[in-house]
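Coordinate analysis (summary)
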Amino acid sequence: MTAFTRRSIVAASAVAAAGLAPLPAAAQQANGAASVSLEEALRRRRSTRRFGTAEIPQEQLLRLLWAANGVNRKEGGGRTAPAWRGSKDIDIYVAREAGVHRYDPVAGTLEQVRGEDIRDKVSQTAYIQRAPAVLIYVSDRKRLVEAAGAESAGNEQALAIGAHVNAALISQNVYLFAAAEGLGTVLIGGSADRDATKAALSLGEGHSVVYIQPVGAPR
Ligand SMILES: Cc1cc2nc3c(=O)[nH]c(=O)nc-3n(C[C@H](O)[C@H](O)[C@H](O)COP(=O)(O)O)c2cc1C
């Protein structure tokens, strides 16, 4: 069985398990990734809170992260997600069983920052702790303040809104990518343990955990 066929079966089972119609054959690209129209992805978008244990293949995870907040314009390093005043303040960390990596959107790579599993720290909720990957959206206050400019620099409410909106826009990109490729995801605010996550990542004072977002094949 080719890798393409195996991937197709895994994706088809995940789609069936989520109660979605299987993708038409024409929607399968040569690399095995499912490709659907934007309207179809929007039709499929939903929050998923039950995940299987299968790891997200690295190639698919990198494409998901590019969709989330990758560089889509060489000049100026523009991103797939808009950001308040172009602040680019959000870093995406990926917590998995094997450790934690930070996405470098310019290089399009994942850099390891922790060798241990911290998923039991990011939330007290069991399905989040067991999700194959938990994205952690971290805002860098320095970048946000620089982008905010003089008139907003001391405006804590504006800065907080900017960080949350920026992370939420990235999250929607992840929702749509997941919907298009038969993955499940949910944005997590209230059930996130921000202080414990910040401690587990050894983040400095100027960094805050805004949201987390588990991702994986639905169960
Ligand atoms: C800012 C924000 C925070 C959220 N926080 C949580 C959360 O802590 N726990 C959770 O289960 N869902 C959370 N959600 C997901 C919503 O509950 C979900 O989007 C809503 O119920 C609508 O369902 P749908 O996404 O399937 O359309 C959050 C969504 C947003 C936009």
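Residues numbered from 1 in each chain as written. Predicted model: local features only at pLDDT ≥ 70, side-chain atom pairs only at ≥ 80, totals over all residues.

**Brief notes about the overall build of the chain**
The helix and strand inventory of the chain stands at eight helices and eight strands. Taking all 219 residues of the chain together, 38% fall into the buried category. Of the contacts made within the chain by residues no fewer than 6 positions apart, 70% connect residues no fewer than 24 positions apart. (Helix = DSSP H or I, 4+ residues; strand = E, 2+ residues; numbered from the N terminus. Buried ≥ 20, exposed ≤ 12 C-beta atoms within 10 Å, placed from the backbone. Contact = placed C-beta atoms within 7 Å.)

**A word on the environment of histidine 164**
Mapped onto the elements of the fold, histidine 164 is located in helix α7 (residues 156–181). We classify histidine 164 as partly exposed; it has 17 C-beta atoms within 10 Å. It is 9.9 Å that separates the C-alpha atoms of histidine 164 and valine 138, two residues lying 26 residues apart in sequence.

**Regarding the nonpolar core**
Taken as a class, soluble globular proteins show a tendency for nonpolar side chains to be buried jointly. Ile92, Val134, Leu135, Ile136, Tyr137, Val174 and Val215 are the most contacted members of the largest nonpolar core, which has 50 residues in total. It is α7 that contributes the most residues to this core, ten residues altogether. Excluding residues that lie within four positions of it along the chain, valine 134 makes contacts with Ala95, Arg119, Val122, Ile128, Ile212 and Pro214. (Core = buried A, V, L, I, M, F, W, Y, C linked by C-beta atoms within 7 Å.)

**Details of unusual backbone geometry**
Although it is not a glycine, arginine 85 adopts a positive phi angle of roughly 55°. Within the element layout of this structure, arginine 85 appears in the loop between β2 (78–79) and β3 (90–96). At serine 202, a position not held by glycine, the phi torsion is positive, near 50°. Within the secondary structure, serine 202 sits in the loop between α8 (194–200) and β8 (207–216). Serine 202 gets classed as exposed once you count the C-beta atoms within 10 Å, which come to 9.

**Quick look at the site of the ligand**
Neighbouring residues of the ligand: Arg46, Ser47, Arg49, Ala168, Val186, Leu187, Ile188, Gly189, Gly190 and Ser191. Taken together, the residues that form the shell around the ligand break down as four nonpolar, four polar and two charged. (Near = placed C-beta within 6 Å. Nonpolar A, V, L, I, M, F, W, Y, C, P; charged D, E, K, R; others polar.)

**Comments concerning the sheet that holds strand β4 (residues 99–104)**
Pairing is antiparallel across the open sheet formed by six strands, whose spatial order is β5-β4-β3-β6-β8-β7. Across the chains shown, the open sheet's two edge strands, defined by having one partner strand only, are β5 (109–114) and β7 (184–185). Here helix α3 (residues 58–69) sits on the sheet in contact with β3, β4, β6 (133–140) and β8, set at roughly 155° to β3. Helix-sheet contacts for helix α6 (residues 141–148) involve β6 and β8, and the interaxial angle to β6 is about 50°. (Pairing = 2+ DSSP bridges. Axes fitted to C-alpha atoms, helices over the stretch in contact; angles between N-to-C directions.)

**Remarks on the environment of leucine 203**
Considering the arrangement of structural elements, one finds leucine 203 in the loop between α8 and β8. Along the backbone, leucine 203 and aspartate 140 are 63 residues apart, and their C-alpha atoms lie at a distance of 9.8 Å. Setting aside anything within four residues of it in sequence, one finds leucine 203 in contact with Val138 and Lys198.

**Considering the confidence of the model for the chain**
Per-chain confidence: the chain averages 88 in pLDDT, with 84% of residues scoring 70 or above. Within the model, the stretch residues 1–32 combines pLDDT values under 50 with 34 contacts to residues more than four positions away or in other chains. (pLDDT = per-residue confidence, 0-100.)

**Some details on the pairing of β3**
A large share of β3 lies buried, amounting to six of its seven residues. Here β3 pairs with β6 via six bridges, running antiparallel. Bridged to aspartate 91 within β6 is valine 138. In this sheet, β4 lies alongside β3 in antiparallel orientation, the contact comprising four bridges. Looking across to β4, one finds that tyrosine 93 is bridged to arginine 102. The hairpin turn running from β3 into β4, its antiparallel successor, is two residues long.

**Observations concerning the environment of glutamate 111**
Along the polypeptide, glutamate 111 turns up in strand β5. Using a count of 11 C-beta atoms within 10 Å as the deciding quantity, one classes glutamate 111 as exposed. Residues in contact with glutamate 111, not counting those within four places in the same chain, are His101, Arg102 and Asp104.

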